[in-house]
Amino acid sequence: MVELAARAVIPFPKVATYMGAIVESLGAHNLTLRLEGDDIVVTSPFGGVGRVRPAERELHLAVEAPNPAALNRLKHDLTSLIDFVARQEALEIAWEGDAAGAVLPPDLRVLTVRDVRDLTPGMRRISFEGERLDRFAVPDQIHCRLMFQAKGTGEPQWPQLGDDGRVQWPRAGALATRIYTIRRIDAAAGRLDIDFVMHGGAGPGISWATAAVPGDVAGIVGPAAHGPRPADWYFLAGDETGLPGIARILEDLPAAARGVALIEVAGTAEEQAIHAPPGFEVHWLHRGDAAPGTTRQLAKAVRRVELPSARYGIFFWGGAEFSAYREIRGYLRKEVGIAASQVV
């Protein structure tokens, strides 16, 4: 039963230019889409339904939801994703209609560190425990956002979603957040693993992971971002940033899956034991002392792989520094002729 509703009309002169990217972004964030006349109907896993309709120099939004948390979550999904895709346009998104007040995100879960161990000199696995993790145990949405609480926080405060569809941070200020791959999850046991790349630097994720001990607390929201799609042949490639995703995909694929995985790391000390289907070739590439993304080793290795002649049956998933990924994606799309829908 619909109890709450809101709408927004966004002045958007370049709406036609951005609609494809907006639709793709919505589909990548655990929202179900369908076309109904001129409307793109967006169904949220939290119970809300939205409508997105492009018009002449405008974008019309409407949302309906059964409760305040679902209403503000759907407002947030539409507001934040449209804002992000069209950030250069500085859009003004003003919602009208029912006001629910600030609410906690319905997908927020609180995680407690259970175990910390180093898999390799450059990769640390932190195992968390939490409740109601089922929503994160999906094979095609393998990323999440972690929110880090400062050491010694007695009573953790979490962000809320306001009536404007935007995040309202606690009075103490915004929490440090970063996006990570969910390396392994057992929702029934309330267990979730995240692998942290312990490269040089002092970012909030590395700083938190370096000091993490059992009992520390973090928040998690999501899941989001595309994981693997059904295919006849899989091609996976990445450096340390993509390794957790590649490893999870390999371990989750059916036993009959076939393909090639290329993984670039510093050296043999950074290799990990990964359980791949029998029909998969896994190749480790060593770049030595060079920093990730500063050599063309991965891109060159991608070009050397013999791909199936039936291009429509290939699916590529990559995770690497941007310069490397840009070259790889350009090769696959322009020279090999793989469709954009087959590349993540």
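Refer to the structure above for everything that follows.
Residues numbered from 1 in each chain as written. Predicted model: local features only at pLDDT ≥ 70, side-chain atom pairs only at ≥ 80, totals over all residues. Heavy atoms only, no water.

Draft legend 1. The pattern of salt bridges, seen in detail. Counted under the stated rule, the structure contains 20 salt bridges. For Arg 73, the salt bridge goes to Asp 77, with nearest N and O atoms at 2.9 Å. Of this pair, Arg 73 and Asp 77 both sit in helix H2 (residues 68-85), four residues apart, roughly one helical turn. With respect to class, Arg 73 is no different from Asp 77; both count as buried. The partner of Glu 264 in a salt bridge is Arg 287, and the shortest N-O contact between them spans 3.0 Å. Pair noted here: Glu 264 is in strand S16 (residues 258-265) and Arg 287 is in the loop between strand S17 (279-286) and helix H5 (297-304), with a separation of 23 residues, a long-range link. (Salt bridge = Lys/Arg side-chain N within 4 Å of Asp/Glu carboxyl O. Helix = DSSP H or I, 4+ residues; strand = E, 2+ residues; numbered from the N terminus. Buried < 20%, exposed > 50% of the residue type's maximum accessible area, 1.4 Å probe, protein only.)

Draft legend 2. Layout of empty space enclosed by the protein. For the coordinates displayed, the defined rule picks out one cavity of 30 Å³ or more. In this structure, the largest cavity encloses a volume near 40 Å³. Asp 239, Glu 264, Gly 293, Thr 295, Arg 296, Gln 297, Leu 298, Ala 299, Ala 320, Glu 321 and Ala 324 are the residues that line the largest cavity. Per-element accounting of the lining of the largest cavity gives the leading share, three residues, to H5. Here the residues of the lining of the largest cavity sort into four nonpolar, three polar and four charged. (1 Å grid on protein atoms, 1.4 Å probe; cavity = no way out; pocket = protein on both sides within 12 Å on 5 of 7 lines; lining within 4 Å. Points joined across faces, edges and corners; volume = space filled by probe spheres on them. Nonpolar A, V, L, I, M, F, W, Y, C, P; charged D, E, K, R; others polar.)

Draft legend 3. Spotlight on the layout of surface pockets. In this structure, the second largest pocket encloses a volume near 200 Å³. Contributing to the lining of the second largest pocket are 13 residues, with Val 197, His 199, Glu 240, Arg 287 and Pro 292 lying nearest its centre. Tallied by class, the residues present in the lining of the second largest pocket amount to five nonpolar, three polar and five charged.

Draft legend 4. Spotlight on the environment of Phe 84. Note that Phe 84 resides in helix H2. Overall, the relative accessible area of 52% leaves Phe 84 in the exposed class. C-alpha separation for the pair Phe 84 and Ser 25, spaced 59 residues apart in sequence, amounts to 9.2 Å.

Draft legend 5. Broad picture of H5. All of the buried residues along H5 are Leu 298, Ala 299, Ala 301 and Val 302. One side of H5 carries all its buried residues, which in axial view fall inside an arc of 160 degrees. Here the buried face of H5 lies against strand S15 (233-238), S16, S17 and helix H6 (322-336). (Arc of directions from axis to C-beta. Contact = heavy atoms within 4.5 Å.)

Draft legend 6. The arrangement of the packing of H5 against H6 in detail. For the pair H5 and H6, the least separation of the axes is 9 Å and the interaxial angle reads 25 degrees. As the angle between them shows, H5 and H6 are arranged roughly parallel. Considering the relative orientation of H5 and H6, their crossing is right-handed. The segment H5 lies against H6, with Leu 298, Ala 299, Val 302 and Arg 303 engaging Glu 327, Ile 328, Tyr 331 and Glu 335. Residues that form the contact of H5 with H6 fall into these classes: five nonpolar, no polar and three charged. (Axes fitted to C-alpha atoms, helices over the stretch in contact; angles between N-to-C directions. Parallel < 35°, antiparallel > 145°, perpendicular 65-115°, else oblique. Left-handed = near helix turned anticlockwise from the far one by under 90°.)

Draft legend 7. Structural detail: the environment of Arg 287. With a relative accessible area of 12%, Arg 287 lands in the buried category. Separated by 45 residues in sequence, Arg 287 and Gly 242 have C-alpha atoms that sit 15 Å apart. Beyond its immediate chain neighbours, meaning those up to four positions away, Arg 287 contacts Glu 240, Glu 264, Val 265, Ala 266, Pro 292 and Gln 297. At a separation of 2.8 Å, a polar atom in the side chain of Arg 287 contacts the main-chain carbonyl oxygen of Ala 290. (Polar contact = N/O pair within 3.5 Å; in protein donor to acceptor, adjacent residues only side chain to side chain.)

Draft legend 8. Region of the structure containing the sheet that holds strand S8 (residues 123-129). Strand order in the closed barrel made by the six strands is S7-S8-S13-S12-S9-S14, with antiparallel pairing throughout. For this sheet, the mean angle separating the axes of adjacent strands, direction not counted, is 45 degrees. Direction of pairing for strand S9 (residues 141-148) relative to strand S14 (residues 217-226): antiparallel, over a ladder of six bridges. Bridge assignment links Arg 145 to a residue of S14, and that residue is Val 221. (Pairing = 2+ DSSP bridges.)

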